[in-house]
Amino acid sequence: MTSLAPQEVKQIAQAVTEGRASRELYPRLYAVARAGGPAYEPLIATYLIYPEDPMVSALAVQVLTGHWGVGAKYRKQILELLGSPEWDLDDDLFMAAVSGAGWILHDGFDTELLQPGFTVGRVPS
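Residues numbered from 1 in each chain as written. Predicted model: local features only at pLDDT ≥ 70, side-chain atom pairs only at ≥ 80, totals over all residues. Heavy atoms only, no water.

Re the overall build of the protein chain
A tally of regular secondary structure across the protein chain gives 7 helices and 0 strands. Written out in order from the N terminus, the α and β elements of the protein chain read α-α-α-α-α-α-α. Across the 125 residues that make up the protein chain, the buried fraction comes to 39%. Carbon and sulfur atoms make up 54% of the accessible area of the protein chain, which totals about 7,400 Å². (Helix = DSSP H or I, 4+ residues; strand = E, 2+ residues; numbered from the N terminus. Buried < 20%, exposed > 50% of the residue type's maximum accessible area, 1.4 Å probe, protein only. Areas by Shrake-Rupley, 256 points an atom, 1.4 Å probe, with all protein chains shown as cover.)

Focus: the nonpolar core
Of all hydrophobic cores here, the largest spans 32 residues; its most connected members are Leu-29, Ile-44, Tyr-47 and Leu-64. For this core, the secondary structure elements donating two or more residues are α1 (6-17), α2 (25-36), α3 (41-45), α4 (54-67), α5 (75-81) and α6 (92-107). The leading source of residues in this core is α4, at 7 residues. Ignoring anything within four residues of it in the chain, the contact list for Leu-29 reads Val-16, Leu-43, Ile-44, Tyr-47, Val-56 and Leu-59. (Core = buried A, V, L, I, M, F, W, Y, C linked by side-chain atoms within 4.5 Å. Contact = heavy atoms within 4.5 Å.)

Remarks on α1
When the terminal C-alpha atoms of α1 are compared, their 16 Å separation across 12 residues agrees well with the 16 Å that a helix rising 1.5 Å per residue should span. The set of residues buried in α1 consists of Val-9, Ala-13, Ala-15 and Val-16. End-on, the buried residues of α1 take up no more than an arc of 160°, which puts them together on one face. Residues of α1 that are buried in the fold lie against α2 and α3. Positive backbone phi, at 80°, marks Gly-19, one or two positions downstream of α1. (Expected span 1.5 Å × (residues − 1). Arc of directions from axis to C-beta.)

Regarding the side chain of Asp-91
Positionally, Asp-91 belongs in the loop between α5 and α6. Relative accessible area serves as the criterion here: at 8%, Asp-91 is assigned to the buried category. Polar side-chain contacts of Asp-91 include one of 3.3 Å to the side chain of Ser-84. (Polar contact = N/O pair within 3.5 Å; in protein donor to acceptor, adjacent residues only side chain to side chain.)

A few points about the pattern of salt bridges
All told, the structure shown has 2 salt bridges when counted by the stated rule. The residue Glu-18 makes a salt bridge to Arg-20 at a minimum N-O spacing of 2.8 Å. Since its relative accessible area comes to 45%, Glu-18 is described here as partly exposed. Using a relative accessible area of 48% as the deciding quantity, one classes Arg-20 as partly exposed. (Salt bridge = Lys/Arg side-chain N within 4 Å of Asp/Glu carboxyl O.)

Worth remembering: the numbers are spatial, not functional.
Structural data, given as structure tokens:
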């Protein structure tokens with residue numbers, strides 16, 4: 001990926017915020033996350049639960065947990081996603097949520113995630 005100037009990142013983020021990203025949402029969010037960094041956390045976090053495109057939600061989970069290490073702030077949503085929402089047809093989001101939960105545990109102790117009997121959604125086939 002070529003480097004983007006801060007103004008370009010801001011323009012892409014604005015297009016996403018205003019709903020002008022449409023079919024280009026995933027690559028634009030990816031560009032904002034890569035080039036803009038944690039300053040765009042609130043924007044990325046709005047896509048944690050995004051039934052219109054599970055891959056966009058998976059990207060948000062990966063960025064917030066694995067890349068930026070702020071997953072604990074979003075643990076409620078991550079736990080919800082571990083329930084494998086029915087709109088996640090290919091389990092891509094479920095797998096990202098499992099990884100995200102691992103990052104939450106890596107970054108700090110979480111008794112709810114470590115409880116015996118804690119169950120997650122269906123196992124991907």
